[in-house]
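Secondary and tertiary structure notes
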Amino acid sequence: MKYIDEFRDGAAARAVAARIAAEAVPAREYRLMEFCGGHTHAIFRYGIPDLLPPNVRMIHGPGCPVCVLPIGRLDLAIDLALRPKVTLCTYGDMMRVPGSRKRSLLRAKAEGADVRIVYSATDALRLARELPDREVVFFAIGFETTTPPTAVAVQIAAAEGLRNFSVYCNHVLTPPALVHLLETANPEDPEPVRIDGFVGPAHVSVVIGTDAYQRFAEHYRKPVVIAGFEPLDVLQSILMLVRQINDGRATIENEYSRAVVPAGNLRAQEIVGDVLQVRETFEWRGLGEVPFSALRLRGKYAAFDAEHRFAVAPVKARENKACECPAILRGVKRPTDCGIFGTVCTPENPMGSCMVSAEGACAAYYTYGRHKQPAVA
Amino acid sequence: MDTIEPKGRSMKARTLDFARGRVDMSHGGGGRAMAQLIDEVFRSAFDNPVLDRGDDQALLDVGAGRIAFSTDSYVISPLFFPGGDIGSLAVHGTVNDLAMAGAVPQWLSSAFIIEEGFLLADLKRIADSMASAARAAGVAIVTGDTKVVERGKGDGVFINTAGIGVVPPGVDIHPRRARPGDAILVSGTIGDHGVAILSHRQGLAFETDIVSDSAPLHGLVAAMLTAAPDLHVLRDPTRGGVAATLNEIAQAAGVGMRLNESALPVRTQVRGACELLGLDPLNVANEGKLLAICAAADADRVLAAMRAHAFGRDAAIIGSVVEDPSRFVAMDTVFGGRRMVDWLTGEQLPRIC
Amino acid sequence: MCLAVPAEVIEIVDATRARVSLGGVVKEIALHLVDGVAVGDYVLVHVGFALARIDPAEAQRTLEALHALGETLEDAA
């Protein structure tokens, strides 16, 4: 398959890996964060850690919209789904995420809630047209990549006067989260998260462009390499970061130039700007309150805002005390540092969302990487 | 006094209306309506001397040897899919369960739970499909049962089949026989059935030429046993895919496994569908493939025998069994790194992330 | 996050819909987010929408850079 197979070539991988090993200065430690959960998944799925020298370490960031959704907001989705007239449409990723009291959308479905897995927001629109007597609520999650499709769906619903369609909006933003990671350090942590460089998200960047990351280079002096989604892209980006760090540079580089341009996708940004506005603050699971980091529907589309239509607001819920997702999401701890990893907390019985989402650091490590010995700290 | 029959009118009951008729509660009531249904749909399709006796049980001459006995229920949706339907699946599935013990399948039972309102035409189509699958597989459906449940209490139709086969002497196949050093083989391309089903499921519609691989495998097994009588393990990777099946075997045998990703046979379109939906072919169901584990010395002979058979053309050696107290199944990726092949908690769901 | 795959546009259905092929699997997707898509283009598909066109020249450049790394190593050996 074109643009996929070429970027999974094993021989090229070995060459790049050899370059990384040759150029990484032995006495230095390179701590690189891949922000995007999809990159985390790719790293584990292709066994990339095996190809890196021991002093180049990948830290798994919070770019997993499933993982960072606070329990209280998921609980609200479950409550909505359990209402008799509601048909809740969700991406497959959310079905098994545990909310409070061991509830989940999958379990709610077993209890009789009308929960439908959709591949696209347009499927939810179609359901709303087909089921005029149902209140069709689209459970919108995701970063900037997934936001434009939601915005298009709202515009279509408004144009058609689709009265029974609404969106429960949980879209979040990448640059504010990156800023938050670097600005805050939890005093309770044994060491604040030290990140030497970022592997930037592939498809978020397709939408927002590379210009959106300028702040990192200028203000925080951290190199960012926007990496494509395939394993060869990730490896090459790691090499580019090692080189920047060695040279003492801190710039934005675009490895994914075949899909990412500096200004991003202006049409998509325009549509999002029409439909959505930035929330002053939003709670991220594991990061706490992050200012200007999420979106809600604008007033003119209030009729399609589920929180407005159903006059509901999420209740803050408690995390499992033993769950280390907060520290893991911020890159401070590894899955194996969590006391309940692999014992109480497994994909069959997830305690926190890092274990449920396929790209959560814990699930990725458990599913793909637990055959390794845990690294000595 | 003789009864005078009105001219031109037969007193025989009318045959079932296969054009527009539906199953109703009377068809499960044990009376004439049910008898007619059984007769015109099932008995006429399955058509064999044992069934024709019309007894409540089948009396069979089994002969010498160990009996293999298996059962499975089929609750799939959609009922009709490219490459098969619930009927052919119900025959192949149970035939294959028997074949995985090296048994020669001979007789099946089939029990139907039909939802009120189900189209008779569809029921006939399913029965005919079962009959044809059974004939091709050389098995007879010799006994069965029919029930009808109220509308809303069944998903169209549920089918249970149970099967009996005889295991030839000297054949000793079961998961605990997997030993470090053994070779792991697969009989052909993986993920075909799951993708064929998904392409027809509401909300995920995509067009593909992929058809289900549903097929009876006992002929293939017989060919393999001729080449290497001492096969260690056979199993068909149905729900959960190759990943689930290999993990089950690893757990049962107390061994680990190492797979070679570049050796896995996967059709391009299956790859494409999995890329689109974020699925891994290793987790996708198959209904006409088997996994075999044999001594390394036998591997080439077994492979050749598989490739010479119609249902094994794309067979490949995909890895080996290793010593591993943790019983991990790991894979060397096309990329050069190694990762685990785990089995999933539940059905793999399409993802956006 | 953001599973997006490159697929070839095989038919423009109307202003907002196209059919794309990925390895022979064909799906209908929405075009609201990308202008001027033509048959033969490759687009990134995410949740049923085209997100961007793939630039073939840039893709080629990226691949060449990747393969050049291998050659550099041989030179250095």
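Conventions used here
Residues numbered from 1 in each chain as written. Chains lettered and ligands numbered in written order. Predicted model: local features only at pLDDT ≥ 70, side-chain atom pairs only at ≥ 80, totals over all residues. Helix = DSSP H or I, 4+ residues; strand = E, 2+ residues; numbered from the N terminus. Buried ≥ 20, exposed ≤ 12 C-beta atoms within 10 Å, placed from the backbone. Contact = placed C-beta atoms within 7 Å. Domains from an automatic or database assignment. Nonpolar A, V, L, I, M, F, W, Y, C, P; charged D, E, K, R; others polar. Axes fitted to C-alpha atoms, helices over the stretch in contact; angles between N-to-C directions. Parallel < 35°, antiparallel > 145°, perpendicular 65-115°, else oblique. Left-handed = near helix turned anticlockwise from the far one by under 90°. Core = buried A, V, L, I, M, F, W, Y, C linked by C-beta atoms within 7 Å. Pairing = 2+ DSSP bridges. Expected span 1.5 Å × (residues − 1).

What follows is about the overall build of chain A. Looking only at helices and strands, chain A has 17 helices and 11 strands in total. Dimensions of chain A, computed from the C-alpha atoms along their principal axes, are close to 65 × 45 × 45 Å. Out of the 377 residues in chain A, the part that is buried amounts to 59%. A separation of at least 24 residues holds for 77% of the contacts in chain A among residues at least 6 apart in sequence.

Here the focus is the domain arrangement of chain A. Residue and element names in this part refer to chain A. Here the domain parsing of chain A yields domain 1 (1–319) and domain 2 (325–369). Using only C-alpha atoms to locate each centre, domain 1 and domain 2 end up separated by 18 Å. Each side of the interface is counted separately: domain 1 has 26 residues, and domain 2 has 20 residues. Where the side of domain 1 that touches domain 2 is concerned, the elements lending two or more residues are helix H2 (37–45), strand E2 (56–63) and helix H4 (65–68).

Turning our attention to the domain arrangement of chain B. Residues and elements named next belong to chain B. For chain B, the domain assignment lists domain 1 (25–167) and domain 2 (175–340). With centres defined by C-alpha atoms, the gap from domain 1 to domain 2 works out at 28 Å. Sorting the residues of the side of domain 1 that touches domain 2 by element identifies helix H3 (86–99) and strand E4 (104–115) as the ones contributing at least two each. Broken down by element, the side of domain 1 that touches domain 2 gets its largest block of residues, seven residues, from H3. Split into classes, the residues belonging to the side of domain 1 that touches domain 2 amount to 10 nonpolar, seven polar and no charged.

What follows deals with the interface of chain A and chain C. On the side of chain C, 31 residues touch chain A, which itself brings 43 residues to the contact. Residues belonging to the side of chain A that touches chain C are distributed by class as follows: 25 nonpolar, 12 polar and six charged.

Packed helix pairs are characterised by how far apart their axes lie and by the angle those axes make with each other. All names here are of chain B. Relative to each other, helix H1 (residues 32–46) and helix H4 (residues 120–137) sit at 15 degrees, their axes nearing to 8 Å. By the angle between their axes, H1 is roughly parallel relative to H4. Read as a crossing pair, H1 and H4 show a hand that is right-handed. Across the interface between the two elements, Val41, Phe42, Ala45 and Phe46 from H1 touch Leu123, Lys124, Ala127, Asp128, Met130, Ala131 and Ala134 from H4. Taken together, the residues of the contact of H1 with H4 break down into nine nonpolar, no polar and two charged.

By size, the foremost hydrophobic cluster in this structure holds 267 residues, and its most contacted members are Ala134, Leu185 and Ala292 of chain B. Here Leu185 of chain B is in contact with Ala292, Ala299, Val302, Leu303, Met306, Ala315, Ala316, Ile317 and Ile318 of chain B, once residues within four sequence places are set aside.

Let us now look at the sheet that holds strand E1 (residues 30–36) of chain A. Residue and element names in this part refer to chain A. A sheet is described by the order of its strands in space; here five strands give the open sequence E2-E1-E7-E8-E9, paired in parallel fashion. Across the chains shown, the open sheet's two edge strands, defined by having one partner strand only, are E2 and strand E9 (252–254). With strand direction ignored, the average angle separating the axes of adjacent strands in the sheet is 25 degrees. As paired elements, E1 and strand E7 (residues 197–200) share three bridges and run parallel to each other. Looking at the pairing, Glu34 lines up with Val199 of E7. Lying over the sheet, helix H12 (residues 231–247) contacts E1, E2, E7, strand E8 (224–226) and E9, oriented at roughly 155 degrees with respect to E7.

Residues and elements named next belong to chain A. Its 12 residues give helix H5 (residues 71–82) an end-to-end C-alpha distance of 17 Å, which sits within 8% of 16 Å, the value for a rise of 1.5 Å per residue. Turning to H5, its buried residues number three or more, namely Ile71, Arg73, Leu74, Leu76, Ala77, Ile78, Leu80 and Ala81. In the core, the buried residues of H5 are packed alongside strand E3 (86–90), helix H6 (105–110), strand E4 (114–117), strand E5 (135–142), strand E6 (165–171) and helix H14 (306–309).

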